Structures are given as structure tokens and as C-alpha cells.
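# Observations on the model geometry
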Amino acid sequence: MARPELAGRPNLFSRSFNSVTAMTDLLVLYYSRHGSVANMARHIAHGIESVRDCTARLRTVPPVSAVCEACEDDIPAAGPPYASHDDLQECDGLALGSPTRFGNMAAPLKYFIDATGDLWLSGTLAGKPAAVFTSTSSQHGGQESTLLSMMLPLLHHGMIIMGLPYQEPELMTTQSGGTPYGPTHVAGPDNKLPISDHEKRLCIALGKRLALTAAMLGKGRKS
Ligand SMILES: Cc1cc2nc3c(=O)[nH]c(=O)nc-3n(C[C@H](O)[C@H](O)[C@H](O)COP(=O)(O)O)c2cc1C
């Protein structure tokens, strides 16, 4: 469904899904406060779009506060638009990203997911592939627990969870982020460490893997 309010945004942000074409559409949905997870999302989108006939749609969620429902605009001042249920309905696969918050996903993303009961009831996401990614300050600050926690609601939705196989050589050689549960980034105590080559390659690999799987599964679902 086209969103006229997004006219003028870069392609990656404004691209609408078109069920008439044979394109495979992947939703990259994330929350990021300081930019690390947003950066990972762009690399994953790059991996997705390196696969023929696959497109990435970047979406985010608003921060939560006591007044969030009262005052948040529909469209943020910068960056990708806020996700809608249509985005989830229309996608062929999902990459879900969040900063680690005490070894768990961040509240704004959880808040968005907690409002997807209608999609759970209708089984909208069942059978679609999904993967997760995160960023932390510290190397052992709960990356895997965050990724596992993000998988739980996706499993309830019936999604097919994907990780990264050890055929990706960076999984063995990385000195910072990167796990078989999904790509990760170690951002450092002040969140200023740039994404490493290994972390970046694993983001791209995840995007490709998700896109290829969504394309294969999508063909089966649509035939
Ligand atoms: C409330 C809060 C809790 C956090 N909990 C953790 C944690 O458990 N482990 C960790 O390593 N980093 C933790 N962090 C740091 C963030 O996960 C880290 O800075 C991340 O890279 C931010 O991603 P962003 O730049 O996309 O917002 C926490 C930060 C905040 C504000």
C-alpha cells in the first residue's frame, strides 16, 4: 500500500510493497536510541537488496513514555517511518533489531509487538522467516539473551526463526560482535565504537540469507 505522506523520502524508506510484481519484500523493523542498531539495520537492508528481486523496507518504532500515545507524530522528523501493521502484513520476511536493555529487548519495540494481537489471531506472520539483531555497550552484556528474548514473540506468531550458520567465517574470527543467534555489535561504553568489518559482514550475510529464504518460501506460499 503506497504511503503518500512519505513522498520525497529516500527509496529505502518510501518503497511500497507491490503484490502484483514478483518482488520479495523484507521488513527491517528496529528501535535505536543512539544509532548503532540503525546502522546495523542499513547493512542488513544492503544484504537483502544484494539478492535479485528482493527489496528492504526500513521501519522504526517511536520511543515510549507516559505521554507517547498522546503526542507522537505519525512520521518521525528524520530516518525511516514508524512501522504499521500493514508493514507486517505485507512483508515476506522480517529482520527485527533492538538495543540491549538489561539483557532484553528495548521497551519501545516490545510495546509495538505487544499491540500485534490481531495479527497473531489472524496468523498473518505464520510461516514467514524472521531474524533478530542487537547492539550492546559491553561484549558480554547480554547479546544472546536479548536475541533469544526477541525470538519468543516471533515464535508465538508462528514465524520461522533464522540465525547465522558457522559457514560464515566471521563467526569464528570476530573479536567483537556476531553470534549464531543473529548479528550483533559491541558499541562500547559511550556507544561510539564503529561497526567492525566482521560485524558488518555478518549483518550483510544475515540480510542475504533472510532474503533468499523469504524468496523461496514466498514462492511456495503464493503458488
Ligand atoms: C537502560 C539501558 C540498559 C542497557 N542495558 C545494557 C545491557 O544490559 N548490556 C549492555 O552491554 N549494554 C546495555 N545498554 C547499552 C545499549 O545496549 C547500547 O548502548 C546500544 O549499543 C545502544 O544501541 P542504539 O545506538 O541503537 O540505541 C543499556 C542502555 C540503556 C540506556
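Note that this is a predicted model, so its numbers are computed, not measured.

Bringing the confidence of the model for the protein into the picture now. When the pLDDT values of the protein are averaged, the result is 89; 85% of them are 70 or greater. Confidence drops under pLDDT 50 across residues 1-20; counting only partners more than four residues distant or on other chains, this segment forms 20 contacts.

Quick look at the site of the ligand now. For the ligand, the set of nearby residues contains 20 residues, the closest of which are Ser 32, His 34, Pro 99, Thr 136 and Gly 141. Going through the elements one at a time, helix H2 (36-49), strand E3 (93-101) and strand E5 (129-136) are the ones with two or more residues in the shell around the ligand. Taken together, the residues of the shell around the ligand sort by class into five nonpolar, 13 polar and two charged.

A separate point is the pairing of E3. Among the nine residues in E3, eight count as buried, and that is most of the element. Relative to E3, strand E1 (residues 24-30) runs parallel, the two sharing five bridges. Across the sheet, Val 28 pairs through a bridge with Ala 95, a residue of E3. By the bridge criterion, six bridges tie E3 to E5 in an arrangement that is parallel. For Leu 96, the partnering residue across the bridge sits in E5 and is Val 132. A loop of two residues connects E3 with strand E4 (residues 104-105), the two strands running antiparallel in sequence, and Phe 102 in this loop sits at a positive phi of about 50 degrees.

This next bit is on helix H5 (residues 107-114). For H5, the set of buried residues is Pro 108, Leu 109, Phe 112 and Ile 113. For H5, the angular spread of the buried residues around the axis is 135 degrees, confining them to a single face. Buried-residue contacts for H5 involve E3, E4 and helix H7 (143-156).

Phi angles above zero are rare outside glycine, and Asp 53 is one such case at about 65 degrees. As for its position among the elements, Asp 53 is in the loop between H2 and strand E2 (54-60). Of note, Asn 191 is a non-glycine position whose phi angle comes to about 65 degrees, a positive value. Within the secondary structure layout, Asn 191 lies in the loop between strand E7 (184-186) and helix H9 (197-222). By C-beta crowding, Asn 191 is classed as partly exposed, having 15 other C-beta atoms within 10 Å.

With that settled, consider the nonpolar core. Leu 26, Val 28, Ile 44, Ala 95 and Leu 206 are the most contacted members of the largest nonpolar core, which has 50 residues in total. Put simply, the parts of the chain that give this core at least two residues each are E1, H2, E2, E3, H5, E5, H7 and H9. When neighbours within four sequence positions are excluded, Val 28 is seen to be in contact with Ala 41, Ile 44, Ala 45, Ala 56, Arg 57, Leu 58 and Ala 95.

About the thresholds
Residues numbered from 1 in each chain as written. Predicted model: local features only at pLDDT ≥ 70, side-chain atom pairs only at ≥ 80, totals over all residues. pLDDT = per-residue confidence, 0-100. Contact = placed C-beta atoms within 7 Å. Near = placed C-beta within 6 Å. Helix = DSSP H or I, 4+ residues; strand = E, 2+ residues; numbered from the N terminus. Nonpolar A, V, L, I, M, F, W, Y, C, P; charged D, E, K, R; others polar. Buried ≥ 20, exposed ≤ 12 C-beta atoms within 10 Å, placed from the backbone. Pairing = 2+ DSSP bridges. Arc of directions from axis to C-beta. Core = buried A, V, L, I, M, F, W, Y, C linked by C-beta atoms within 7 Å.

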